[in-house]
Amino acid sequence: MLRRITRNKQVTIPKDFMAQLRLQEGDYVDMDCDGNAIRLRAVVIQDFNDDDYKKLASKLDGLKTEPGTECNDSDSARKHLKEMMDKNAL
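Since we're looking at a predicted model, the values are computed, not measured. (Residues numbered from 1 in each chain as written. Predicted model: local features only at pLDDT ≥ 70, side-chain atom pairs only at ≥ 80, totals over all residues. Heavy atoms only, no water.)

A.B. asks: Could you give an account of the pattern of salt bridges, naming the residues involved and the relevant values?
C.D. replies: Oppositely charged side chains are able to pair whenever their charged atoms sit close together. In this structure the tally under the stated criterion is 5 salt bridges. Two residues, Asp34 and Arg39, come together in a salt bridge whose shortest N-O distance is 3.1 Å. Of the residues examined, Asp34 reaches a relative accessible area of 46% and is grouped as partly exposed. The partner of Lys55 in a salt bridge is Asp51, with the nearest N and O atoms 3.7 Å apart. Linking Lys55 with Asp51, this pair stays in helix α2 (residues 50-65), spanning 4 residues, or about one helical turn. On the basis of relative accessibility, which here comes to 43%, the residue Asp51 falls in the partly exposed class. (Salt bridge = Lys/Arg side-chain N within 4 Å of Asp/Glu carboxyl O. Buried < 20%, exposed > 50% of the residue type's maximum accessible area, 1.4 Å probe, protein only. Helix = DSSP H or I, 4+ residues; strand = E, 2+ residues; numbered from the N terminus.)

Structure follows, in structure tokens:
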């Protein structure tokens, strides 16, 4: 499908693509350049409410006292937290 790039460097996503991917105005897409192609992927960004932040803070506090857990930097703490979140959804 041929599309023209506007003066503001924008391209319109066709209506049927939007419907197929269940995208709406204001949604986010991940953009990647692969050789001579631009790839867009639909992504879902969930907003955290106050209760979610409290649960996350509780998980972080648990990291401090969890046996066998040593996080010397923020990257290792993030990795461990992600593993915890994958096991038990917030």
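Here the narrative resumes.
A.B. asks: Tell me what's going on with the environment of Val44, and back it up with residues and numbers.
C.D. replies: Mapped onto the elements of the fold, Val44 is located in the loop between β2 (37-43) and α2. Along the sequence, Val44 and Asp30 sit 14 residues apart, while their C-alpha atoms lie 9.8 Å from each other.

A.B. asks: Before we move on, can you summarise the layout of surface pockets with the specific residues and values?
C.D. replies: The calculated volume of the largest pocket comes to roughly 580 Å³. For the largest pocket, the lining is made up of 18 residues, of which Val11, Thr12, Ile13, Ile38 and Leu40 are closest to its centre. The set of elements that each furnish at least two residues to the lining of the largest pocket consists of β1 (28-34) and β2. Counting residues per element, the lining of the largest pocket draws most heavily on β2, which supplies 4 residues. Classifying every residue of the lining of the largest pocket gives 13 nonpolar, 2 polar and 3 charged. (1 Å grid on protein atoms, 1.4 Å probe; cavity = no way out; pocket = protein on both sides within 12 Å on 5 of 7 lines; lining within 4 Å. Points joined across faces, edges and corners; volume = space filled by probe spheres on them. Nonpolar A, V, L, I, M, F, W, Y, C, P; charged D, E, K, R; others polar.)

A.B. asks: Which residues make up the pairing of β2, and what values do they have?
C.D. replies: Judged from the 7 bridges that link them, β1 and β2 form a sheet pairing that is antiparallel. Within the sheet, the bridge partner assigned to Asp30 lies in β2 and is Arg41. (Pairing = 2+ DSSP bridges.)

A.B. asks: Now, about helix α3 (residues 74-87): what can you tell me, with residues and values included?
C.D. replies: Its 14 residues place the ends of α3 20 Å apart at the C-alpha level, agreeing with the 20 Å of an ideal helix rising 1.5 Å per residue. Within α3, the full set of buried residues consists of His80, Leu81 and Met84. One side of α3 holds all its buried residues, which, seen down the axis, span an arc of 100°. Along α3, the residues that are exposed and aim more than 90 degrees away from the buried face are Asp75, Arg78, Lys79, Lys82 and Asp86. (Expected span 1.5 Å × (residues − 1). Arc of directions from axis to C-beta.)

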